[in-house]
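Survey of secondary and tertiary structure
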Amino acid sequence: MSEKKSVIILGNGGMARALLDWFTFGKNVSVAGFLWEEGTELCGLPIFNSIDQIPPETGVVLGMLNPVYRQHWVNYYGRERFVSVLDGNVSATAEIGQGVVSVKDSCIMSKAKVASFVHIHTYSIVGHDCEVGEHTFIGPSVILAGRVAVGKSSRIFMGARVLPGVVIGDNVAVTAGSVVTKNMPSGVMVHGNPAKPVYQTIKGMY
């Protein structure tokens, strides 16, 4: 049996705690604690208040949803401290960036390109030849069909479907359960079946 990867989760909210659970379920990752600027303990594990307290060989993963916060902390601590955790199923022909997290029972299919600091939640599928931009969050049970392109800092929430060949811009929020059948511009929230823009997103709000 291969040795477990030891990581620190950056964050102290619900997303960080959920990652702890999913890494435990996956059994391939050992969580050594959390990284946050305040607090001493969370879920029975230590909170490190400075990255200087973390051994250099222990990688950090992002435990937050908001892409603006994700970008902030990556820039603050330095990209080199973040590691990928691929606990789901990943095609041998997929291209994976730095700091990507795919949790148990997710799938990244043939020749997909997943940029750095993307999060792919459980039971989600990134289909063949898809492209996903940096800091994008893909929630549980999302399906990106073949040849879908999603821009940077977008959020696709639980159970959404994106049909083949659709292009989604940067900073787009796709609401839970929506079905995206056509291209969507940057900076909008889309909702419904078929999904339509309902209003402009405010950077950092969602």
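Residues numbered from 1 in each chain as written. Predicted model: local features only at pLDDT ≥ 70, side-chain atom pairs only at ≥ 80, totals over all residues. Heavy atoms only, no water.

Along the backbone of the protein chain there are two helices and 24 strands. Computed over its C-alpha atoms, the radius of gyration of the protein chain comes to 17 Å, within 12% of the 17 Å expected for a compact globule of 206 residues. Projected onto the principal axes, the alpha-carbon positions of the protein chain cover approximately 45 × 40 × 25 Å. Looking at the protein chain residue by residue over its 206 residues, the buried ones come to 50%. If you take every contact in the protein chain between residues at least 6 apart in sequence, the share linking residues at least 24 apart comes to 25%. (Helix = DSSP H or I, 4+ residues; strand = E, 2+ residues; numbered from the N terminus. Rg over C-alpha atoms; globule rule 2.2 N^0.38 Å. Buried < 20%, exposed > 50% of the residue type's maximum accessible area, 1.4 Å probe, protein only. Contact = heavy atoms within 4.5 Å.)

Spatially, β3-β4-β2-β1-β5 is the arrangement adopted by the five strands of the open sheet, whose pairing is mixed. At either end of the open sheet lies a strand with only one pairing partner, and these are β3 (41-42) and β5 (59-62). (Pairing = 2+ DSSP bridges.)

The next thing to look at is the packing of aromatic side chains. Counted by the stated rule, this structure contains seven aromatic pairs. Taken together, a centroid distance of 6.5 Å and an interplanar angle of 50° make the contact between Phe137 and Phe157 tilted. Pair noted here: Phe137 is in strand β15 (residues 137-138) and Phe157 is in the loop between β18 (155-156) and β19 (161-162), with a separation of 20 residues, a long-range link. (Phe/Tyr/Trp six-rings, centres within 6.5 Å; stacked < 30°, edge-to-face > 60°.)

Before going further, it helps to spend a moment on the pattern of salt bridges. Close approach of charged atoms allows side chains of opposite charge to pair. Within this structure, the stated rule accounts for two salt bridges. Here Glu134 and Arg79 are joined by a salt bridge, their closest N and O atoms 3.1 Å apart. Here Glu134 is found in the loop between β14 (131-132) and β15, whereas its partner Arg79 is found in the loop between α2 (67-77) and β6 (85-86), with 55 residues between them in sequence. Classification of Glu134 by relative accessible area gives partly exposed; the value is 23%. (Salt bridge = Lys/Arg side-chain N within 4 Å of Asp/Glu carboxyl O.)

Cysteine pairs can be linked by a disulfide, which is a covalent bond between their two sulfur atoms. Following the criterion strictly, the structure yields zero disulfides and no others. Cys107 supplies the cysteine sulfur nearest to Cys130, a cysteine that is in no disulfide, at a spacing of 12 Å. Look at Cys130 and you get buried, because its relative accessible area is 0%. (Disulfide = S-S within 2.5 Å.)

This part is about the side chain of Thr136. Here Thr136 lies in the loop between β14 and β15. Exposure remark for Thr136: the relative accessible area of 0% places this residue in the buried category. A polar atom in the side chain of Thr136 sits 3.3 Å from the backbone nitrogen of Ser153. (Polar contact = N/O pair within 3.5 Å; in protein donor to acceptor, adjacent residues only side chain to side chain.)

Both faces of β5 are covered, namely the face carrying Gly59 and Val61 and the face carrying Val60 and Leu62. Pairing between strand β1 (residues 5-10) and β5: four bridges, direction parallel. What sits directly across from Ile8, in β5, is Val60.

A separate point is the sheet that holds strand β8 (residues 95-96). The strands making up a sheet are joined through hydrogen bonds of the backbone, oriented either antiparallel or parallel. Spatially, β8-β11-β14-β17-β20 is the arrangement adopted by the five strands of the open sheet, whose pairing is parallel. Each edge of the open sheet is held by one strand with a lone partner, namely β8 and β20 (167-168). Note that β14 and strand β17 (residues 149-150) share two bridges and pair parallel. Its bridge partner lying in β17, Glu131 is registered against Ala149.

On to the nonpolar core. Counting 27 residues, the largest nonpolar core has Val126, Leu144, Ile156, Ile168, Val174 and Val180 as the members making the most contacts within it. The residues contacting Leu144, other than those within four sequence positions of it, are Ile125, Val126, Gly127, Cys130, Val132, Ile138, Val150, Ile156 and Val162. Val7, Phe23, Val31 and Val61 belong to the second largest nonpolar core, which has 17 residues in total. (Core = buried A, V, L, I, M, F, W, Y, C linked by side-chain atoms within 4.5 Å.)

Let's shift gears to the environment of Leu19. Structurally, Leu19 can be placed in helix α1 (residues 14-26). Using a relative accessible area of 1% as the deciding quantity, one classes Leu19 as buried. In the structure, Leu19 is positioned 173 residues away from Gly192 in sequence and 28 Å away in space, judged by C-alpha atoms. Dropping the residues within four chain positions of it, Leu19 is found in contact with Ile9, Val61, Leu62, Gly63, Val101, Val103 and His119.

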